[in-house]
Every structure is written in C-alpha cells, then in structure tokens.
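Per-entry structural report
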Amino acid sequence: MSTETVRTHLFIDGGWRESAGTETIPVISPLTEERIGSVPEASVDDVDAAVAAARAAYRSGWRDLSHAERAAHLRRFADELESRAEERARTVTSENGMPIALARFAEGQAPVQLLRYYADLIEATPAEEERTSTPLPGTTIVRREPVGVVGAIAPWNFPAVLSMFKIAPALAAGCTVVLKPSPETSADSYVLAEAAIAAGLPSGVLNIVNGGTEIGQYLVAHPQVDKVAFTGSTAAGRQIGRVCGELIRPVTLELGGKSSALILDDADLEQTVAGLASASLLNSGQTCYMSTRILVPESRYDNYVDAITAMSSSLPIGDPMDENVAVGPLASERHRNRVLSMIDRGRNDGGTVTTGGGRPADFDRGFFVEPTVFAGIDNSASIAREEIFGPVLTVIAYDGLDEAISIANDSSYGLGGTVWTTDPDRGVDVARRVETGSFGVNYYNLDWGSPFGGVKESGVGRELGPEGLAAYQSLKSIFLPA
Ligand code: NAD
C-alpha cells in the first residue's frame, strides 16, 4: 500500500491552484531513501501568478492596515500554526531527517513564537515619528513604509523557522510574500499554507511556489518583486547579490559559516564538551552557525581531543522520529556524498580521524554520516576553511589567546562562534575581538529580539529583532518648514 503524500496544487492568492507546469518534485525520506510523496513544481507562469497576487494584496489593503490590525492577523496565523506544530515538526523530520525533539521546538514552536514576537513589535512601533529639523527650522516626519512584494528563498536545513525569519517581519511591516522553499523540503510548507487559510490571512498576502534554482532565479529577478530575502549557500548568495545589485533591489543574504569554539585555558572540560554537542553538532551539523573549528590550548590538546571524541561517538544515531536520537540521516544523498568527500579531503590533508569517518556500519540504508572528529591538522586545511555542513569537527591547537583569536578570524566567513571559560567577563572580551555577526559565551542561542546575520562571506543584512523588521521597511522623510 502506498504511503505517499501527494500534493497536487500550489498555494497562490489565498487558495489552491493547479500548477501551470507538469513537473513534480519528489519528497524523499532520508531515513529509508524511498519516495514518500511529491509536490508540483511551479512553472514561471505560477510564479507570475503568485507575484501578481502578492502585488494586488499589497496594493489593495495589506500595506494600509493599521499596525494593530496586522498584528491581529499575525496572532491568528500563529494560533493556527500552533495547532499544527506537531504535524509540521513531523513533516520536517520525515523530509530532512532532523531529530524530532529538535524539530518540535525549531520547526514547530519557533515559527509560532516569531509571529507573536513580530505582532507585538509592530503593534508597539508607530509608523511615523517627528524630528526637529536642522539646519532649517521645521519638522521632519520620518515614516517607515513597507518595501513591497518580497521574494523569500529558504534552504532545507531549518525550512520552517528560516522561512518565518522572513515571513513574520515582512507581513508585520506591511509587505506581502512569495516564498520559495527548497526542493528538498517543500512538503512542510503545505502545513504553513493550511494554517494561513484557516487563519483567514487575506488572499495573496502569502504565496508559495515550489522549485529549485531556476524558479529561484526567476523569482529573484522578477520585475514585480521589490525585495529579496535569501538564506542558503554563499555560492548562491553571491549570484543573487549580483542580480539584485544590477536591479538596485534590496536584498538580505544569510549565508554559510565556519565558526569556531574558542576553549580558554580556564574552561571546565566536562561542561565545555557537553555544551559542544549542541553548539557544534546540532541537527547533525547541518546548522549554519555551528562552532565546527574547535580551538584548544596546546597544553590541553590531547585531553580535549579525547573528550570531544568520546562525546561525538556517544551521540545516539538513528531514526530521527525517535525522541532519543541526536544524529539523524543527512538531508539528501547528494549532501551526504558531499560531506563524505570532505572527510576524504581531511584525510588527504593529513588529518587524523579520531572517531567516525564514514557511514555507520549498522545502517544499510539512510543518508547517515557518523559524527567525525579530526585532530592533528591546522587551520590551513580545507576542512578547516570550507563549510562542511555535517557532523564533522576539527580540533586545532593554539598557543596563547592572541593566536586563538587570530585563528578564529582567519576565515572567509563570520556568522557564529562560541567561547568557553569559567570567567564570563573574559568570554565577553573575547567575543568583542572575534569578527562575526553573533557569538555565545558558554552556549549559543538565537534571540528573537536581537539581530542575527553574518559578516564577510556569511552575508549582508540582519534578520530577527527590530533590525529584522527594519529590513522590510523603507524610510521616507517629509519636511515641513516652521
Ligand atoms: P542553496 O544555496 O543550495 O539553496 C538555498 C535555496 O536557494 C534553495 O531554495 C535553492 O533552491 C535556492 N537557490 C539556489 N541557487 C539559487 C539561485 N541562484 N537563485 C535563486 N535561488 C537559488 O543552500 P542549501 O544547500 O539549501 O542550504 C545550505 C546552506 O545554507 C549552507 O551554506 C548554510 O550555511 C546556509 N544557511 C545559512 C543560514 C544563515 O542564516 N546564515 C541558515 C541556514 C543555512
């Protein structure tokens, strides 16, 4: 008996529309490697229809609602999404292998929290403020207006919450959205659409088009799109940035990372290594801000390598629907093969694998990769420079704090990072010296109320917090002489 979930329509203009194209995108279980469903691939005609619906909704009232009215819509949307949180979490786990305990929070609850956070924020933020002007006496009214129609593009690693990083502030600001999920994780966005319909979100305010790179490119360059919000790889971000530069189109780019964990000489070994399980390996390492370069004082190098090896090899691997599993299969076969090829490069560069190093022996199917630790390698190795996006850690020795910070900063990326110390003030001093967009002292946490994003090749612009709202607003100054 087939257990496939077959979706036949796209969510456009507030309802279900048959795709104008004929192609479908399979949903593949990373656990069984079997096809578990399919969604229709959008054609360019569907994208045109979605963008036209978004523009009509924008012009015909969404942008003109009061902040309190938009907040009320966001709260109803949050309630409907909350009642589907378990369904969404399970859908994400089945499509990308995310451990269910993590999916329940990150993909089930977190999008709900974000909608409520931005509902509260927009309600508390006036659209206009008055300033006393200078040099001519008078008043300037500074208005925050929505930028318009947003093309939002999401990756597969945290599909629900990373879409909501864009949708919640965009809708709060008065923008309308066309979302393009990743082809690996299109299924969960149907739960999002069902919640939008049940919440009575006005037609066209949110639209979803499934597709890969080509549909993404078409959306990015669409003449009726006013802003692009992208999360994904640096390679794709570079292309999107180029197109948006040519079009003078505002763009937010949340890209890759290769962050470091700086373990100071006063750190408590046991607590630090326990903390690294989540700071370095969350979602089987498929998280952009992971501290995967672990910088350890030379004098304690062997102790840390042993402890990190023991921690990594003790993480339960298996069916991601099992509550106790910490490491699920990677999201796709292509990605699994890429991670395995990076492990080979690490070996060829002279690294010593202290645990893992390949596919786990006891699984004959599923896109699994064992948590893998490399030692005896420095920051010039390709596995220390390139994003792997899997459960692969590199432990690097340093001699003195200045060298540790210089190794941390010797990267083309700057997205996350952590410091581990028994002296939090010392930790904050280190945080100030690391070139990055976000950082954690003895933990790493995303704060809905504070900006998140990268420096260097990790991106341009910020999501979350009031700064994430500002990314969907344009400023207008209206001068009145005294
Ligand atoms: P990807 O760049 O391959 O794809 C991301 C999305 O962009 C997908 O929806 C894809 O279909 C689309 N896309 C790809 N090329 C495009 C193009 N030229 N024009 C328009 N759309 C295009 O990334 P991925 O493999 O899905 O995700 C993993 C990457 O995402 C990693 O590099 C990771 O670090 C990054 N990421 C960054 C953050 C962050 O907040 N900085 C968060 C999560 C993931």
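Right, let's get into the packing of helix H2 (residues 67-82) against helix H5 (residues 159-173). For the pair H2 and H5, the least separation of the axes is 8 Å and the interaxial angle reads 150 degrees. Judged by the inter-axis angle, H2 sits roughly antiparallel to H5. Residue-level inspection shows Arg70, Leu74, Phe77 and Leu81 of H2 in contact with H5, the latter providing Met164, Ala168, Leu171, Ala172 and Ala173.

Let's shift gears to the sheet that holds strand S4 (residues 24-28). Pairing in this open sheet of three strands is mixed, and the strands run S1-S5-S4 from one edge to the other. Looking at strand neighbours, the two that pair on one side only are strand S1 (5-6) and S4, the edges of this open sheet. Sheet topology note: the S1/strand S5 (residues 35-40) ladder contains two bridges and is parallel. Bridge assignment links Val6 to a residue of S5, and that residue is Ser38.

This part is about the site of the ligand. If you check the shell around the ligand, you find 29 residues, and the closest are Ala154, Ser233, Gln239, Leu255 and Glu387. Take Trp156: an N or O atom from its side chain is 3.0 Å from an oxygen atom of the ligand. Within the backbone of Leu255, a nitrogen or oxygen atom sits 2.7 Å from a nitrogen atom of the ligand. Look at the ligand: alone it shows 840 Å² of surface, and the protein chains cover 91% of it. Given that more than half its atoms are within 2 Å of the pocket grid, the ligand belongs to the largest pocket.

Turning to the side chain of Thr272, a few remarks are in order. For Thr272, the position within the fold is in helix H9 (residues 269-281). What makes Thr272 buried here is its relative accessible area of 3%. The residues touching Thr272, leaving out its near neighbours within four places in the chain, are Ile263, Ala267, Tyr304 and Trp420.

Here we come to the domain arrangement of the protein chain. Structurally, the protein chain comprises domain 1 (5-255 + 457-481) and domain 2 (259-447). The C-alpha-based centres of domain 1 and domain 2 are spaced at 31 Å. Taken together, the contact pairs 30 residues of domain 1 with 33 residues of domain 2. Buried area between domain 1 and domain 2, both sides added, is near 2,500 Å², and the carbon and sulfur share of it is 59%. Between domain 1 and domain 2 we count three salt bridges in total. In this structure, Arg365 engages Glu34 in a salt bridge whose closest nitrogen and oxygen atoms are separated by 3.6 Å.

Rules and cut-offs
Residues numbered from 1 in each chain as written. Predicted model: local features only at pLDDT ≥ 70, side-chain atom pairs only at ≥ 80, totals over all residues. Heavy atoms only, no water. Axes fitted to C-alpha atoms, helices over the stretch in contact; angles between N-to-C directions. Helix = DSSP H or I, 4+ residues; strand = E, 2+ residues; numbered from the N terminus. Parallel < 35°, antiparallel > 145°, perpendicular 65-115°, else oblique. Contact = heavy atoms within 4.5 Å. Pairing = 2+ DSSP bridges. Near = heavy atom within 4 Å. Polar contact = N/O pair within 3.5 Å; in protein donor to acceptor, adjacent residues only side chain to side chain. Areas by Shrake-Rupley, 256 points an atom, 1.4 Å probe, with all protein chains shown as cover. 1 Å grid on protein atoms, 1.4 Å probe; cavity = no way out; pocket = protein on both sides within 12 Å on 5 of 7 lines; lining within 4 Å. Sits in = over half its atoms within 2 Å of the grid points. Buried < 20%, exposed > 50% of the residue type's maximum accessible area, 1.4 Å probe, protein only. Domains from an automatic or database assignment. Buried area = accessible area lost by both parts, 1.4 Å probe. Salt bridge = Lys/Arg side-chain N within 4 Å of Asp/Glu carboxyl O.

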